[in-house]
Amino acid sequence: MNDDILDTYISAGKLASVILRESAQDIRAGRSFLELVESVEARVRENGADLAFPLNVSLNEDAAHDTASPGDERVFARGDVIKLDLGVQIDGYIADTATTVDLGNNALLLDASREALEAAIRIVKPGVTAGEIGAVVEKEITSRGYRPIANLTGHGLGQYVQHRDPTIPNVAINGGSVLEEGTAFAIEPFATTGSGRVGEKSRVEIYSQIAEKPVRIPSARAVMEQVKNRHGLPFSRRWLKDKKMEFALPGLARSQILHGYPVLADVPGSLVSQHEHTIIVTADGCIVTTR
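Treat the numbers as computed from the prediction; the structure is a model and nothing was measured.

Chemist: What am I meant to see in the nonpolar core here?
Modeler: Proteins that are soluble and globular tend to have nonpolar side chains buried together. Within the largest apolar cluster, 41 residues are counted, with the highest numbers of intra-cluster contacts made by V57, L86, V223, F235 and L252. Every element with two or more residues in this core is listed here: α1 (3–25), α2 (33–46), β1 (50–59), β3 (81–90), β4 (93–102), α5 (218–227) and α7 (249–254). Counting 24 residues, the second largest nonpolar core, distinct from the first, contains L117, A120, Y146 and I279.

Structure, rendered in structure tokens:
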């Protein structure tokens, strides 16, 4: 990783950190879900950056992949546990960061994922394995009486690549990838009152392009024309300019041109918290770009 790339990662991280922190402070019961999402995404673009993925806002047992739909009428309510997961990219270099807002009485649940993240960051340096990070995350969460979500992980980052090696588990494993100087990756512990595993819901608001194939239907061609500059990064159904384009998404997914990301949730009635930072491994430790 050269100095220019490092500086770009750091710039993206600083912007993501400020926007996420200030947006989380503005959440209150009765606020519009859609208004929050659109205001955060607009701030990213107004600051000369772009979204690495649509702002994820996931409520209560939902852990990931939800965002506002077109015309979304949801509002935040007392008792909600709200995950905000923001991805900012500059020239394809990504800052991926998340926090949780509690509108109820769940401070210990939030502490579990937050302290797991901080403990994991403290051990990052060249030679540390992904399994060692997972063990630290699991210990911090279980010591507070919660479960880590075993089938959600942190992940490596690259230019216009949101998920790559190394995979960073939230539970102890033997071995795993060995961290090397210059590696960019995200650690994202999830703590839950539920089962410790997520499954897919039917709701799909986020897609990404995974292949290039001939497309004959005009609405489908319009979708592909609009998302071609995403370089494969995820986009929201809400971003499409024409409602007719929305109806093309399932067909494009069936044709394996697009990939849909269903909302991921633990068991109904459970609560999930998440915290995340983007890390770059240095010779003697790490830089947290999204601090």
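Having seen the structure, we can now continue with the description.
Chemist: Just to check I follow, could you spell out the sheet that holds strand β5 (residues 147–148) for this structure?
Modeler: Read from one edge of the open sheet, 3 strands run β5-β9-β13, paired in antiparallel fashion. In this open sheet, the two edge strands, each paired with only one partner strand, are β5 and β13 (272–274). Here strand β9 (residues 190–192) runs beside β13; their pairing, made up of 3 bridges, is antiparallel. Opposite A191, over in β13, you have S273 as the bridge partner. Across the sheet, helix α3 (residues 107–122) touches β9 and β13, and the angle it forms with β13 is around 40°.

Chemist: Sorry if this is basic, but what is going on with the packing of aromatic side chains here?
Modeler: Following the criterion strictly, the structure yields 3 aromatic pairs and no others. On the numbers, 5.6 Å between centres and 35° between planes, the contact of F33 with F76 is tilted. In this pair, F33 is assigned in helix α2 and F76 in the loop between β2 (62–64) and β3, connecting sequence segments 43 residues apart. Considered together, F33 and F76 belong to a single accessibility category, that of buried residues.

Chemist: How should I be thinking about the pairing of strand β6 (residues 154–158) in this particular structure?
Modeler: Put simply, side chains in a regular strand alternate between the two faces of the sheet. Most of β6 sits out of view: 5 of its 5 residues are buried. Note: β6 against strand β7 (residues 161–168), 3 bridges, orientation antiparallel. Paired with G156 across the bridge in β7 is R164. The hairpin formed by β6 and β7 contains 2 residues between the paired strands, and Y160 there has a positive phi angle of roughly 60°. As paired strands, β6 and strand β8 (residues 184–187) are joined by 2 bridges and run antiparallel to one another. Following the sheet pairing, G156 is matched in β8 by F185.

Quick notes on the rules
Residues numbered from 1 in each chain as written. Predicted model: local features only at pLDDT ≥ 70, side-chain atom pairs only at ≥ 80, totals over all residues. Heavy atoms only, no water. Core = buried A, V, L, I, M, F, W, Y, C linked by side-chain atoms within 4.5 Å. Buried < 20%, exposed > 50% of the residue type's maximum accessible area, 1.4 Å probe, protein only. Helix = DSSP H or I, 4+ residues; strand = E, 2+ residues; numbered from the N terminus. Pairing = 2+ DSSP bridges. Contact = heavy atoms within 4.5 Å. Axes fitted to C-alpha atoms, helices over the stretch in contact; angles between N-to-C directions. Phe/Tyr/Trp six-rings, centres within 6.5 Å; stacked < 30°, edge-to-face > 60°.

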